[in-house]
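# Geometric and topological summary
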Amino acid sequence: MNRAFAPLANDRFLRACWRQATDTTPIWLMRQAGRYLPEYRATRARAGSFMGLATNVDFSTEVTLQPIERYPLDAAILFSDILTVPDAMGLGLTFAEGEGPCFAKPVRSATDVAQLAVPDMDKLRYVFDAVTSIRRALGGRVPLIGFSGSPWTLACYMVEGRGSQDYRHVKTLMYARPDLMHQLLTVNAAAVAAYLNAQIAAGAQAVMVFDSWGGVLADGAFQAFSLAYTQQVLRQLARSAPDGTPVPRIVFTKGGGLWLGDMRALDCEVLGVDWTVNLGRARAQVGDVKALQGNIDPNVLFAPPAVIAEQARAALESFGAPHTDGTRTGPTQIFNLGHGISQHTPPEHVTALVEAVHAHGRRMRQSPP
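Described in the following lines is the structure provided in the data block. (Residues numbered from 1 in each chain as written. Predicted model: local features only at pLDDT ≥ 70, side-chain atom pairs only at ≥ 80, totals over all residues. Heavy atoms only, no water.)

## Considering the overall build of the protein
Looking only at helices and strands, the protein features 15 helices and nine strands. Relative to the globule expectation of 21 Å for 369 residues, the C-alpha radius of gyration of the protein, 20 Å, shows essentially globular dimensions. A principal-axis box enclosing the C-alpha atoms of the protein has dimensions of 65 × 45 × 45 Å. Put simply, the protein has 369 residues, and 57% of those count as buried. Within the protein, counting contacts between residues at least 6 apart in sequence, those at least 24 apart form 74% of the total. Surface accessibility of the protein: about 14500 Å² in total, with carbon and sulfur atoms responsible for 51%. (Helix = DSSP H or I, 4+ residues; strand = E, 2+ residues; numbered from the N terminus. Rg over C-alpha atoms; globule rule 2.2 N^0.38 Å. Buried < 20%, exposed > 50% of the residue type's maximum accessible area, 1.4 Å probe, protein only. Contact = heavy atoms within 4.5 Å. Areas by Shrake-Rupley, 256 points an atom, 1.4 Å probe, with all protein chains shown as cover.)

Pasting the structure below:
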C-alpha cells in the first residue's frame, strides 16, 4: 500500500544514526511516552486498561505524541509493548494492576515449544495501524521509531510467564535443554523480523531491538542465546521503507557493555549502551562503524535541574568531540537514558535535560578543534 507522509522537518536523529554531522546532539528517551506524564495518566484512565490503551490506534497515537508536544525531542517512539508478539502467539497476555505482564500459558516443555509458530501478522494489525496513524499525526516534525523485544528477552517472559528476579525457569531450560531454547529462539527471531518489517512498511523510519535481559546471561551464553538471534533478526530486516528511504537499525542490550567488542560486528547502524558504560571507551571500540546511543542514569532526573544539566554535559563530554565534517561520516552520539525513564520523574526535569543536551551539543560544535 502506497502511503504519502509529510516531509521530515527535523532529521537530526536519522542523520546521527547514519553517522552524519548534526548541528547538535539529538535526544529522545526510552519510555518517553509513559506514566511520568500527567497527560498520559489521563489517557490511560480513559482507556480503562493498559491493553485497552496499547491496542487502540487513537489512544496509542495520542500518547506517542504527548512527549513530542511537551518537549523539543528529536524522535518519537511507537507506544506499544514488547510482549505483543508472544501475545499474538496465543500465550494469553494480561496486565494485572501493580503486578506487570503475565502469560496464562508459559512455555516450559518440549510440547509447549513445538506448538510455537510465527504469528499471523494480521493479529498485530493494531500496531501497524498505529504506526501509520502516528506517522501522519507527527506531520514530519520528527522521525518515528518502531521497536520490538529481542528474541532472548521475549523468551525470558515467555518461559518465566512474567517478569523475574532470578530467571530460574528460562535459564533452567537453556542449560538443561539448549536444543529447545534454540528452537524457541529461532521462532522468536523470525517473528520479530516479520513484526519489524511490517512496522517499516507501515511508516516506521527507524527500528530498535530491545535486548532488555541480555545482560543477565553469562559470557558465552550471551553470544549463543542472545546475540546470535538478534543478528538473525537484523539480517532479515528491510533496509529501506516502501518509498526507498533507508531505515536505520538500533540494538540496545541492557547490561551489555562487557560485550561491545562482540556487538561491534552486528548488522546494525546504532548500538545503545546503559549508564555503566564509559562513552569515550565505547566510542574507541565501536565508534568508527556504529553510532552510539545513551547513556545517562535515569535516576539523574530526580536531582535538581542544575545537577541534571551538569550530568548531561558530563555525558556529552565523555563521548568526546562531536563529528562536524559534513563531507564524510564519523562517530556520532544519540543522547538517551541508560534505560527507561522512571514513572516518578518530575516532568519539568525532562525539560532541563533536553535543553541542556541541545545547548551543550551546540557549544561543543562551535568550539575550535
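## A few points about the side chain of Arg19
Tracing the chain through its elements places Arg19 in the loop between helix H1 (12–17) and helix H2 (38–47). Other than its neighbours up to four places away in sequence, Arg19 contacts Gly287, Asp288, Val289, Lys290, Ala291, His323, Arg328, Thr329, Gly330 and Thr332.

## Some points on the packing of aromatic side chains
Scanning the model with the defined rule gives eight aromatic pairs in all. An aromatic cluster is defined as three or more aromatic residues linked by ring pairs; in this entry it consists of Tyr40, Phe50, Phe79 and Phe95. (Phe/Tyr/Trp six-rings, centres within 6.5 Å; stacked < 30°, edge-to-face > 60°.)

## So, helix H7 (residues 125–138)
Compared with an ideal rise of 1.5 Å per residue, which puts 14 residues at 20 Å, H7 spans 20 Å between its outermost C-alpha atoms and is within 8% of the ideal. Looking only at H7, the buried set comprises Tyr126, Val127, Phe128, Ala130, Val131, Thr132, Ile134, Arg135 and Leu138. Once H7 finishes, Gly139 follows within two positions and takes phi at roughly 60 degrees, a positive value. (Expected span 1.5 Å × (residues − 1).)

## A look at the environment of Ser148
Tracing the chain through its elements places Ser148 in strand S4 (residues 144–149). Between the C-alpha atom of Ser148 and that of Ala224, which follows or precedes it by 76 residues, the distance is 20 Å.

## Quick look at the sheet that holds S4
Taken together, seven strands build an open sheet; the order of strands is S1-S4-S5-S6-S7-S8-S9 and the sheet is parallel. The sheet is open, and its two borders are formed by strand S1 (76–77) and strand S9 (333–334), each paired with just one other strand. In this structure, strand S5 (residues 206–211) lies alongside strand S6 (residues 249–253), joined through five bridges in parallel fashion. Note that in S6 the partner of Phe210 across the bridge is Phe252. (Pairing = 2+ DSSP bridges.)

## Notes on the pairing of S6
Judged by how many residues are buried, S6 sits mostly within the fold: five of five residues are covered. In S6, alternate side chains face the same way, and those of Arg249, Val251 and Thr253 on one face and Ile250 and Phe252 on the other are all buried. Where the polypeptide runs from S5 across helix H11 (residues 221–236) and back to S6, its parallel neighbour, the crossover connection is right-handed. Here S6 runs beside strand S7 (residues 270–272); their pairing, made up of three bridges, is parallel. By the bridge assignment, Phe252 is partnered in S7 with Gly272. (Right-handed = clockwise from strand over helix to strand, strands pointing away.)

## Comments concerning the environment of Thr172
Within the secondary structure, Thr172 sits in helix H9 (residues 168–176). A relative accessible area of 48% means that Thr172 is categorised as partly exposed. As a C-alpha pair, Thr172 and Ala4 span 168 residues in sequence and 49 Å in three-dimensional space.

## Concerning the side chain of His360
Locating His360 in the fold gives a position in helix H15 (residues 347–366). Ignoring anything within four residues of it in the chain, the contact list for His360 reads Arg313, Leu316 and Glu317.

## Let's talk about the nonpolar core
In this structure, Phe13 and Leu353 are the most contacted members of the largest nonpolar core, which totals 131 residues. Broken down by element, this core gets its largest block of residues, 14 residues, from helix H10 (residues 178–202). Sequence-distant contacts of Phe13, defined by excluding residues within four places in its chain, comprise Pro26, Trp28, Asp74, Ala75, Pro143, Ile145, Ala206, Ile250, Gln293 and Ile334. (Core = buried A, V, L, I, M, F, W, Y, C linked by side-chain atoms within 4.5 Å.)

## With respect to the pattern of salt bridges
Charged atoms that come close allow side chains of opposite charge to pair. Applying the stated rule across the entire model yields 12 salt bridges. Of the charged contacts in the structure, one is a salt bridge between Arg46 and Glu62, with a shortest N-O distance of 2.9 Å. Of this pair, Arg46 sits in helix H2 while Glu62 sits in helix H4 (residues 57–70), and the two are 16 residues apart along the sequence. Overall, the relative accessible area of 52% leaves Arg46 in the exposed class. Between Asp325 and Arg328 there is a salt bridge whose closest N-O contact spans 3.3 Å. Residue classification places Asp325 among the partly exposed residues on the basis of a relative accessible area of 28%. Given the relative accessible area of 47%, Arg328 is considered partly exposed. (Salt bridge = Lys/Arg side-chain N within 4 Å of Asp/Glu carboxyl O.)

## What about unusual backbone geometry?
Put simply, Gly294 and Asn295 share a cis peptide bond, and its omega is 0 degrees. If you trace the backbone, Asn295 turns up in the loop between strand S8 (291–293) and helix H14 (305–319). In this structure, Arg19 is a non-glycine residue whose phi angle is positive, near 65 degrees. Even without glycine at this site, Tyr167 takes up a positive phi of about 55 degrees. Along the chain, Tyr167 turns up in the loop between helix H8 (151–160) and H9. The buried category is assigned to Tyr167, whose relative accessible area is 8%.

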